[in-house]
Amino acid sequence: MVKETYLHDKHVALGAKMVDFAGWHMPVQYSSIIEEHKTVRENVGLFDVSHMGEVFVSGKDATAFLNKVVPQDIEKLDYEKAVYCQLPNKNGGLIDDLIIYKLGIEYYLVICNASRIDEDLNWLVRNKRGMNVKIDNQSHNYSLLAIQGPRAIDLVRKMGYSIPSQQSFTIKPAVIEGIKLLASRTGYTGEDGFELLVENEYSEFLWDKILEEGKEYGIKPIGLGARDTLRLEAALHLYGNDLDESTTPVEAGLSWSIPKDKRTDYNGKEIIMSQIANGVSKKLIGLTMLDKNIARHGYEVYYNGEKVGHITSGCVSPSTGKNIALAYVKNIKEICPDAVIQVMIREKLHDAKVTKRPFIQKRNRVK
Amino acid sequence: MNFSDDILCTKSHEYILKGDLCTVGLTDYAIEQLGDIVFLELPEVGDEFAKGEAFANIESVKAASEIYMPVSGKVVEVNTDLIEAPEKLNEDSYENGWLVKIETTGDEEEFSDLLSYSEYKEELE
């Protein structure tokens, strides 16, 4: 059966086009993907991302346990801080990518992809043998509302957001419109904004209130279509497209997120550290098409007449009007920024320029 | 002229308007389902296609699709304005948003499985 978020009927009432995504019946667009995209870049948008997984990890060994399953150093994670993590298998391939939040002493929140909750839970449980850890999947009890865009901060302040200052990648208990929730200054758009974790029973009230109070800032509800174009402009990876069990974080260009001095052993560490030291055979690159054609997931990539890889994500970039993509290619030094390579689209090769990621200037860092 | 009264539609969402030259395009429903149109590739004048053959490519932000000939024909006119501004299809896919005009090359029988606009709308429900 296809699952519905607590806010499902709100989307239908707003006239959203609904699609099945990762087992959920979700809004793909309310008006137009391009219009929704621009709303988030210029003003503020509201997303229902309640399909995502929320897993609480607690117990005496919670820190040691998480440290064993992700390359990031959870021992160094401060209270109320968040860290972008990957969940590698024994070969360094990715079971999922996650954000881990430290909520208290030996108490963490893990937010994971909707499509991977079962695999993640299975893997976490298999790795906790002998440890004093409680893994509590609360995905069904919480809604997650994302407010994203340059006006997001004005909007939450107007709604009584109780925190005087909050940095990016932190999470704090907050009160908004009288509702107790967890406010995380994170997102998946490249813009500043918040993700509000709220108990289901308050989510409909909060959804309506945000749309009402956000009118003066030009707020719109935003579907998964624009969520995808926003994240791709910001070159944020999408699990299932740009990451999977056959890609390591090093190949995916995520080495920046991996500490080189972490002492604790974790799954895939040997391979990951060896790839950081010795290089990789494939790498993720950004592309900008040089004509009007759009490179899509799965299309083949060529260099000097030789097939060197494939596109993982591609779309029109509504902010620039250019067509952008991410691709895995053979790691050869000639394939570097400004090099011209080709994408096979409908049996013809089309030129594309290798482009530094992200494709837009990100504005999500708030001190 | 009221397009919806006179066009015939395919189940794959193309329409054809009969005349000395037949006008071929995509239905309003197809455009609405695709969403923001960002790319259109049309054939050349003189190209010939069989009924059911792909003659054009269209892409919205989300997806790429092929467009099929409702009947066999030879392209005699192409709506080149649309290639430069495919987003115009989101406003209208009939009066100004037609794709190609063709001379039919098959027999009348090829029209027999096409649906009237009202039958087409019923089919969608």
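This write-up is about the structure you can find in this document. (Residues numbered from 1 in each chain as written. Chains lettered and ligands numbered in written order. Predicted model: local features only at pLDDT ≥ 70, side-chain atom pairs only at ≥ 80, totals over all residues. Heavy atoms only, no water.)

## Comments concerning the sheet that holds strand β6 (residues 94–104) of chain A
Residues and elements named next belong to chain A. Here five strands make up an open sheet; going across it, the order is β5-β6-β7-β4-β8 and the pairing antiparallel. Both outer strands of the open sheet, β5 (82–88) and β8 (134–137), are each paired with one neighbouring strand and no more. Going from strand to strand, the sheet's axes swing by 30° on average, the running direction of each strand aside. In terms of strand pairing, strand β4 (residues 53–58) meets β8 through four bridges, oriented antiparallel. Counterpart to Phe-56 in the pairing with β8 is Asp-136. (Pairing = 2+ DSSP bridges. Helix = DSSP H or I, 4+ residues; strand = E, 2+ residues; numbered from the N terminus. Axes fitted to C-alpha atoms, helices over the stretch in contact; angles between N-to-C directions.)

## Quick word on the interface of chain B and chain A
Of the residues lining the interface, 17 residues belong to chain B; the matching set on chain A comes to 17 residues. Both faces considered, chain B and chain A share a buried interface measuring about 1,300 Å² in area, 48% of it formed by carbon and sulfur atoms. When the buried area of chain B at its contact with chain A is split by residue, Asp36(B), Val61(B) and Lys62(B) rank highest and sum to 40% of it. Inspection of the chain B/chain A interface yields four salt bridges. Residue Arg346(A) pairs with Glu59(B) through a salt bridge whose shortest N-O separation is 3.1 Å. Our enumeration of links across chain B and chain A arrives at 12 residue pairs in polar contact (both at pLDDT 80 or more). Going through the elements one at a time, α2 (28–34), β4 (37–41), β6 (54–60) and α3 (80–84) of chain B are the ones with two or more residues in the side of chain B that touches chain A. Class assignment for the residues of the side of chain B that touches chain A results in seven nonpolar, four polar and six charged. (Contact = heavy atoms within 4.5 Å. Buried area = accessible area lost by both parts, 1.4 Å probe. Salt bridge = Lys/Arg side-chain N within 4 Å of Asp/Glu carboxyl O. Polar contact = N/O pair within 3.5 Å; in protein donor to acceptor, adjacent residues only side chain to side chain. Nonpolar A, V, L, I, M, F, W, Y, C, P; charged D, E, K, R; others polar.)

## Re the packing of aromatic side chains
A full pass over the atoms with the stated rule returns seven aromatic pairs over all chains. Relative to Tyr107(A), the ring of Phe56(A) has its centre 6.1 Å away and its plane inclined at 25°; by these criteria the two rings are stacked. Of this pair, Phe56(A) sits in strand β4 while Tyr107(A) is found in strand β7 (residues 107–112), placing the two residues 51 residues apart along the sequence. A relative accessible area of 7% means that Phe56(A) is categorised as buried. Exposure remark for Tyr107(A): the relative accessible area of 35% places this residue in the partly exposed category. A ring pair is formed by Phe49(B) and Phe55(B), whose centres lie 6.1 Å apart and whose planes are at 65°; its orientation type is edge-to-face. One exposure class covers both Phe49(B) and Phe55(B), and it is buried. The structure contains a cluster of three or more aromatic residues connected by ring pairs, namely Phe56(A), Tyr107(A) and Tyr142(A). The residue whose ring lies beneath Lys282(A) is Tyr328(A), and the NZ or CZ to ring-centre distance is 4.9 Å. Note that Lys101(B) overlies the ring of Trp98(B), its terminal NZ or CZ placed 4.6 Å from the centroid. (Phe/Tyr/Trp six-rings, centres within 6.5 Å; stacked < 30°, edge-to-face > 60°. Buried < 20%, exposed > 50% of the residue type's maximum accessible area, 1.4 Å probe, protein only. Lys NZ or Arg CZ within 6 Å of the ring centre and 35° of its normal.)

## Details of the environment of Tyr302(A)
All names here are of chain A. Within the secondary structure, Tyr-302 is located in strand β15 (residues 300–303). Judged by relative accessible area, which is 14%, Tyr-302 ranks as buried. Sequence separation of Tyr-302 and Lys-283 is 19 residues, and the distance between their C-alpha atoms is 14 Å. Beyond its immediate stretch of four places on either side in the chain, Tyr-302 contacts Lys-307, Val-308, Ile-341, Gln-342, Met-344 and Leu-349. Among the polar contacts made by the side chain of Tyr-302, one reaches the side chain of Glu-300 at a distance of 2.8 Å.

## Quick notes on the pairing of β6(A)
Residue and element names in this part refer to chain A. Within β6, 11 of the 11 residues are buried, leaving the element largely enclosed by the surrounding structure. Across seven bridges, the pairing between β5 and β6 is antiparallel. Opposite Tyr-84, over in β6, you have Ile-99 as the bridge partner. Counting the residues between successive antiparallel strands, the hairpin from β5 to β6 contains five residues, one of them, Gly-92, with a positive phi of roughly 85°. Sheet analysis places β6 next to β7, joined by five bridges and oriented antiparallel. Among the inter-strand pairings, Gly-104 is bridged to a residue of β7, identified as Tyr-107. What sits between the antiparallel neighbours β6 and β7 is a turn of two residues, in which Glu-106 has the positive phi angle 50°.

## Regarding the nonpolar core
Residues and elements named next belong to chain A. In this structure, Phe-47, Tyr-101, Leu-103, Leu-109 and Leu-243 are the most contacted members of the largest nonpolar core, which totals 35 residues. Ranked by the residues each element gives to this core, the list is headed by β6, at four residues. Both domains that meet at this core, namely domain 1 (1–279) and domain 2 (281–355), each give it at least three residues. Those residues within four positions of Leu-109 in sequence are excluded, and the remaining contacts are Glu-54, Val-55, Phe-56, Ile-99, Ile-100, Tyr-101, Leu-103, Ile-171 and Leu-197. Counting residues in hydrophobic clusters, the runner-up holds 29 residues, among them Ala-16, Tyr-30, Ile-153 and Leu-196. (Core = buried A, V, L, I, M, F, W, Y, C linked by side-chain atoms within 4.5 Å. Domains from an automatic or database assignment.)

## Thoughts on the environment of Glu77(B)
Residue and element names in this part refer to chain B. Tracing the backbone shows Glu-77 in strand β8 (residues 73–78). Looking at Glu-77, the relative accessible area reads 35%, which means it is partly exposed. Placed 24 residues apart in sequence, Glu-77 and Lys-101 show a C-alpha to C-alpha distance of 5.0 Å. Look past the residues within four positions of Glu-77 in its chain and what remains in contact with it is Val-45, Trp-98, Leu-99, Val-100 and Lys-101.

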